[in-house]
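Below, each chain spelled out in residue letters.
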Amino acid sequence: MFTGSIVALITPMDEKGNVCRSDLKKLIDYHVENGTSAIVSVGTTGESATLSHDEHGDVVMMTLELADGRIPVIAGTGANATSEAISLTQRFNDSGVAGCLTVVPYYNRPTQEGLYQHFKAIAESTSLAQILYNVPSRTGCDLLPETVGRLAQIKNIVGIKEATGDLSRVNQIKERVADDFALLSGNDDSALDFIQLGGNGVISVTANVAARDMARMCALAAAGDFAAARKINQRLMPLHDGLFVEPNPIAVKWACKALGLVATDTLRLPMTPLTDAGRPVVTHALKHAGLL
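Thresholds applied
- Residues numbered from 1 in each chain as written.
- Predicted model: local features only at pLDDT ≥ 70, side-chain atom pairs only at ≥ 80, totals over all residues.
- Heavy atoms only, no water.
- UniProt positions renumbered as here; feature names shortened; annotations may be inferred.
- Pairing = 2+ DSSP bridges.
- Helix = DSSP H or I, 4+ residues; strand = E, 2+ residues; numbered from the N terminus.
- Axes fitted to C-alpha atoms, helices over the stretch in contact; angles between N-to-C directions.
- Contact = heavy atoms within 4.5 Å.
- Buried < 20%, exposed > 50% of the residue type's maximum accessible area, 1.4 Å probe, protein only.
- Core = buried A, V, L, I, M, F, W, Y, C linked by side-chain atoms within 4.5 Å.

The name that an unreviewed UniProt entry assigns to the protein chain is 4-hydroxy-tetrahydrodipicolinate synthase, with the source organism given as Tenebrionibacter intestinalis. Turning to the protein chain, the UniProt record has this under Pathway (unreviewed entry): "Amino-acid biosynthesis; L-lysine biosynthesis via DAP pathway; (S)-tetrahydrodipicolinate from L-aspartate: step 3/4."

Take a look at the structure:
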């Protein structure tokens, strides 16, 4: 299940900033109907940084309920305190989640040994499958391939979302892990190249609004038809870039509203709505992709 196009799902909110159950169901139905492989609930795109601990757990459980077994759900469970990440992870024991996506601790910038001990402690606290998440641009800390190789020896650490944008990481990690260790791109703009180099899929922001295209592109790439996959990717490239014209998930929430997938593009402060300057960029990208 940790292959193909996995959506980093937005958390839909009403105008008052409360989580919107009806829009969440609409989004899940959209992904089931359009071939998305799995949902990451309450990752970066799901505004994990601005949901309370209780809300975080509630959104994951609501996503599980509304998915109703039709699509695997991966829970975002990262924190920069190991004890908090363990607490959040253990909340989903026996819940039915397919696994957990656990980001590199942010702000405190641990050493590689600290990262190893952090992820080891989380994995040993649960039987749930663990996917590491490396995104130095947000965390200020880089999980190096050598450390990934050490962590991959722990039975329930089964993959990584690699979001450095450095394609050389694919081979550097592959040579240090078993063949069944899942390598997932965290960058839509280079995901196809990542897969062509031996990756298994992408945890995608673009899939929020182009679910069918992302699923099809990944399926073609998995089948070795990179020429056809690249045609889709070229059409989506302005979208891959445009959804980051302002910090994620500002633009993708606005795009979801523009396509009628959700009723509002409400965000929690300190995130603010897409600016007047950003709207034409996203609109052009949606039109170039044939979505608007």
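(A) Up close: the sheet that holds strand β1 (residues 4-8). Around the barrel, which closes on itself, the 8 strands sit in the order β1-β2-β3-β4-β5-β6-β7-β8 with parallel pairing between neighbours. On average, each strand axis in the sheet is tilted by 25 degrees relative to the strand beside it, whichever way the strands run. As paired elements, strand β4 (residues 99-103) and strand β5 (residues 130-134) share 4 bridges and run parallel to each other. Each bridged residue has a counterpart across the sheet, and for C100 the counterpart in β5 is Q130. Strands β2 (38-41) and β3 (73-76) of the sheet are contacted by helix α2 (residues 53-67), whose axis makes an angle of about 175 degrees with β3.

(B) Expanded view of the pairing of strand β6 (residues 157-162). With 5 of 6 residues buried, β6 is to be regarded as a mostly interior element. Here β5 pairs with β6 via 5 bridges, running parallel. Looking at the pairing, I131 lines up with G159 of β6. In terms of strand pairing, β6 meets strand β7 (residues 182-185) through 4 bridges, oriented parallel. Paired with I160 across the strands is L183, a residue of β7.

(C) The arrangement of the nonpolar core in detail. Judged by nonpolar contacts, the single largest core of 58 residues is most densely connected at V209, L239, L243 and V282. Those elements that provide at least two residues to this core are α1 (21-33), α2, β3, α8 (191-196), α9 (211-222), α10 (226-242), α11 (250-258) and α12 (278-288). Contact partners of L243, with chain neighbours within four places excluded, come to V205, T206, V209, A251, V252, A255 and V282. Of all hydrophobic cores here, the second largest spans 23 residues; its members include A85, I122, L143 and I154.

(D) Broad picture of the UniProt feature "active site" (unreviewed entry) in the protein chain. The UniProt feature table records "active site" (unreviewed entry) at Y133 and K161. Spatially, the listed residues are clustered: although they cover 29 residues, their C-alpha atoms lie within 4.6 Å of one another. Take Y133: its relative accessible area is 7%, and that puts it in the buried class. Those residues in contact with Y133 that sit more than four places away from it in its chain are T44, L101, T102, V103, V104, K161 and A163. Note on placement: K161 falls in strand β6. For K161, a relative accessible area of 7% corresponds to the buried category.

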